[in-house]
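Listed here are the chains, written in short residue letters.
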Amino acid sequence: MKLCPSVGKISSTGQLEIKTNVAERFMSRVSKNQKAILTFDAYPGKTFPAKLVEIDPILDVNTRTLGIKLLQTPSDSRLRAGMYARIRLITDTKKNTIVIPTNVIVRRNEEDIVYIVDTLTNTVKASPVKRGIRVDDKQEVEMGITPGDLVVIKGQSLLSDGAKVNVVSIVE
């Protein structure tokens with residue numbers, strides 16, 4: 001999933017409108033009815049859905065930005081006019097992808113690798129991976145992991161190929 005980050009200000013409480021500007025370089029990725037994800041400092045860890053409903057027809061020549069308006073839907077009574085929203089405008093999505101925490105990948109000998117656990121022998125195998133899209137702290141892996149592989153997510157920087165491990169817990 002590709003995202004175009006931005007900050008906006010809520011400008012109406014009837015139906016929550018969020019106005020913001022998008023840099024000129026992202027113009028080709030913006031379209032009406034596009035989905036967005038909003039976050040607010042007042043509600044850490046919570047996300048609120050929105051959709052793009054209006055795009056200014058003219059680029060601001062001073063800032064080289066394009067004005068857009070989003071509606072937060074369905075409306076949520078916790079949100080108030082004047083609040084500042086962090087906006088992640090979803091510009092692309094992929095299906096059937098493998099996504100892992102970014103910090104799971106270790107760089108060794110000019111290569112990105114992850115450690116996959118062999119549950120029969122309780123050893124790990126270093127598997128070279130090809131990175132895809134990165135969003136926040138999540139990394140798409142295009143090659144090197146298959147669905148169902150058990151990947152080491154803690155202590156991997158101290159491992160080497162064939163090392164014995166003790167599986168403490170499994171996180172899905």
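Residues numbered from 1 in each chain as written. Predicted model: local features only at pLDDT ≥ 70, side-chain atom pairs only at ≥ 80, totals over all residues. Heavy atoms only, no water.

Engineer: With reference to specific residues and values, describe the overall build of the chain.
Structural biologist: A tally of helices and strands in the chain yields zero helices and 12 strands. Counting from the amino terminus, the chain carries its helices and strands in the arrangement β-β-β-β-β-β-β-β-β-β-β-β. Here the C-alpha radius of gyration of the chain, 21 Å, is well above what a compact globule of 172 residues would show, namely 16 Å. When its C-alpha atoms are laid out on the principal axes, the chain stretches across 60 × 35 × 25 Å. When each of the 172 residues of the chain is scored for burial, the buried share is 37%. Of the roughly 11,000 Å² of accessible surface on the chain, 50% is carried by carbon and sulfur atoms. Each charge class in the chain can be summarised by its mean position, and for the 26 positive and 19 negative side chains these summaries are 4 Å apart. (Helix = DSSP H or I, 4+ residues; strand = E, 2+ residues; numbered from the N terminus. Rg over C-alpha atoms; globule rule 2.2 N^0.38 Å. Buried < 20%, exposed > 50% of the residue type's maximum accessible area, 1.4 Å probe, protein only. Areas by Shrake-Rupley, 256 points an atom, 1.4 Å probe, with all protein chains shown as cover. Lys, Arg positive; Asp, Glu negative; His and termini not counted. Charge placed at Lys NZ, Arg CZ, Asp CG, Glu CD.)

Engineer: I'd like a rundown of the side chain of glutamine 34, residues and numbers included.
Structural biologist: You can see glutamine 34 is positioned in the loop between strand 2 (17–23) and strand 3 (35–39). A distance of 2.9 Å separates a polar side-chain atom of glutamine 34 from the backbone oxygen of arginine 29. Setting aside residues up to four positions removed in sequence, glutamine 34 forms contacts with Arg29, Ala50, Lys51, Leu52, Leu89, Ile90 and Thr91. (Polar contact = N/O pair within 3.5 Å; in protein donor to acceptor, adjacent residues only side chain to side chain. Contact = heavy atoms within 4.5 Å.)

Engineer: How would you sum up the side chain of glutamate 140? Please name residues and give values.
Structural biologist: Mapping glutamate 140 onto the fold places it in strand 12 (residues 138–143). The exposure class assigned to glutamate 140 is buried, which follows from its relative accessible area of 8%. Of the polar contacts made by the side chain of glutamate 140, one reaches the backbone nitrogen of isoleucine 133; its length is 2.8 Å. With residues up to four places along the chain from it excluded, the contact list for glutamate 140 reads Lys94, Thr97, Ile98, Val99, Lys130, Arg131, Gly132 and Ile133.

Engineer: Could you give me a rundown of the environment of asparagine 166, with the residues and numbers involved?
Structural biologist: With respect to the helices and strands, asparagine 166 occurs in the segment after strand 12. Expressed as a C-alpha distance, the spacing of asparagine 166 and aspartate 136, which sit 30 residues apart in the sequence, is 29 Å.

Engineer: Please set out the environment of isoleucine 116 residue by residue, giving values where relevant.
Structural biologist: Tracing the sequence through the fold places isoleucine 116 in strand 9 (residues 111–118). By relative accessible area, isoleucine 116 is classed as buried at 15%. Separated by 43 residues in sequence, isoleucine 116 and threonine 73 place their C-alpha atoms 41 Å apart. If we skip the residues at most four places from it in the chain, isoleucine 116 touches Thr123, Val124, Lys125, Ser127, Gly144, Asp149, Leu150 and Val151.

Engineer: Describe the packing of aromatic side chains, listing the residues and the values that go with them.
Structural biologist: Taken as a whole and judged by the stated rule, the model has two aromatic pairs. Taking the centre distance of 5.4 Å and the plane angle of 75 degrees together, the rings of phenylalanine 40 and phenylalanine 48 count as edge-to-face. A residue is classified by how much of its surface remains accessible, and phenylalanine 48, at 3% relative accessible area, is buried. With a centroid separation of 6.1 Å and an interplanar angle of 65 degrees, the aromatic rings of tyrosine 43 and phenylalanine 48 are classed as edge-to-face. Through pairs of rings, three or more aromatic residues link up here, namely Phe40, Tyr43 and Phe48. In this arrangement the basic side chain of arginine 78 is found over the ring face of tyrosine 43, its NZ or CZ atom lying 5.3 Å from the centre. (Phe/Tyr/Trp six-rings, centres within 6.5 Å; stacked < 30°, edge-to-face > 60°. Lys NZ or Arg CZ within 6 Å of the ring centre and 35° of its normal.)

Engineer: Talk me through the nonpolar core; I want residue IDs and the actual numbers.
Structural biologist: Membership of the largest hydrophobic core comes to 18 residues, with the highest contact counts inside it found for Leu38, Phe40, Ile68, Leu70, Ile87 and Leu89. Counting residues per element, the ones that place at least two in this core are strand 2, strand 3, strand 4 (48–55), strand 5 (65–72) and strand 6 (84–92). In contact with isoleucine 68, other than residues within four places in its own chain, are Ile18, Lys19, Thr20, Val22, Val30, Leu52, Glu54, Ile55 and Leu89. (Core = buried A, V, L, I, M, F, W, Y, C linked by side-chain atoms within 4.5 Å.)

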